[in-house]
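What follows is the residue order along each chain.
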Amino acid sequence: QVQLVESGGGLVQAGGSLRLSCAASGRTFSNYAMGWFRQAPGRERVFVAAISRYAGNTHYAESVKGRFTIARDNAKNTVYLQMNSLKPENTAVYYCAADSSGTPINTHYNRYDYWGQGTQVTVSS
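Bear in mind that the values here come from a model prediction, so they are computed numbers and not experimental data.

**So, the sheet that holds strand E1 (residues 2-7)**
Strands sit in the order E1-E3-E8-E7 across an open sheet of four strands; the sheet is antiparallel. Looking at which strands have only one partner, the edges of the open sheet turn out to be E1 and strand E7 (68-73). Strand-to-strand twist across the sheet, computed as the mean angle between neighbouring axes with direction ignored, equals 15°. When E1 meets strand E3 (residues 18-26), the two strands line up antiparallel, connected through six bridges.

**With respect to unusual backbone geometry**
Backbone geometry places Ala55, a non-glycine residue, at a positive phi of 65°. Locating Ala55 in the fold gives a position in the loop between strand E5 (46-51) and strand E6 (58-60). Positive phi, normally seen in glycine, also occurs at Ser85, with a value near 50°. With respect to the secondary-structure elements, Ser85 resides in the loop between strand E8 (78-83) and strand E9 (92-99). A relative accessible area of 41% means that Ser85 is categorised as partly exposed.

**Focus: the packing of aromatic side chains**
Under the counting rule described, the total for this entry stands at six aromatic pairs. For the pair Tyr32 and Tyr114, a centre-to-centre distance of 6.1 Å together with 80° between the ring planes defines the contact as edge-to-face. Placement of Tyr32 in the loop between E3 and strand E4 (33-39) and of Tyr114 in strand E10 (residues 114-115) is noted, with a sequence separation of 82 residues between them. Here Tyr32 and Tyr114 have matching classes, each one buried. Ring geometry for Phe37 versus Phe47: centroids 5.7 Å apart, planes at 75°, classification edge-to-face. Here Phe37, found in strand E4, pairs with Phe47, found in strand E5; they are ten residues apart in sequence, far enough to count as distant. On the basis of relative accessibility, which here comes to 1%, the residue Phe37 falls in the buried class. Aromatic ring contacts, followed pair by pair, group Phe37, Phe47, Tyr95, Tyr112 and Trp115 into a single cluster.

**Focus: the environment of Pro41**
Relative to the helices and strands, Pro41 is located in the loop between E4 and E5. On the basis of relative accessible area, Pro41 is assigned to the exposed category, the value being 76%. Distance from Pro41 to Thr107, taken between C-alpha atoms, is 20 Å for residues 66 residues apart in sequence.

**Some points on the side chain of Arg72**
Along the chain, the position of Arg72 falls in strand E7. Buried charge Arg72 goes without a salt bridge, the closest partner of opposite sign being Asp73 at 8.3 Å. Within polar-contact distance, the side chain of Arg72 engages the backbone oxygen of Phe29 at 3.1 Å. Of note is the side chain of Arg72, whose polar atom sits 2.8 Å from the backbone oxygen of Tyr32. The contact partners of Arg72, leaving out residues within four places of it in the chain, are Phe29, Ser30, Tyr32, Ala33, Met34, Ile51, Ser52, Arg53, Ala55, Thr78, Val79 and Tyr80.

What counts, and where the lines are drawn
Residues numbered from 1 in each chain as written. Predicted model: local features only at pLDDT ≥ 70, side-chain atom pairs only at ≥ 80, totals over all residues. Heavy atoms only, no water. Pairing = 2+ DSSP bridges. Helix = DSSP H or I, 4+ residues; strand = E, 2+ residues; numbered from the N terminus. Axes fitted to C-alpha atoms, helices over the stretch in contact; angles between N-to-C directions. Buried < 20%, exposed > 50% of the residue type's maximum accessible area, 1.4 Å probe, protein only. Phe/Tyr/Trp six-rings, centres within 6.5 Å; stacked < 30°, edge-to-face > 60°. Lys, Arg positive; Asp, Glu negative; His and termini not counted. Salt bridge = Lys/Arg side-chain N within 4 Å of Asp/Glu carboxyl O. Polar contact = N/O pair within 3.5 Å; in protein donor to acceptor, adjacent residues only side chain to side chain. Contact = heavy atoms within 4.5 Å.

Here's what the structure looks like:
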């Protein structure tokens, strides 16, 4: 079992930046590939970014490439999502998730075993 707690969300103007953190506890953090997803009201949960167990591989949704960066610190049991040049359409609840399958990168939410409670990101125009 892994417990995940996101933080760092908030209200920011378009063009601004936020850094989300996701702290993990429970099993060995480096056993899990990690992902970030977002869900806007009335919309399905969509992939944002993922990182492999030892950060050798990362993958991003096309819409965030060049603006968002995923990173992890296994010593701190934490995964991060640095979000720059934010746009109003980035407004959503952001969730981190852990994948125990051993696959380096997964972009489908149904491949992830554990989820945090989410953190709200609101980008004003």
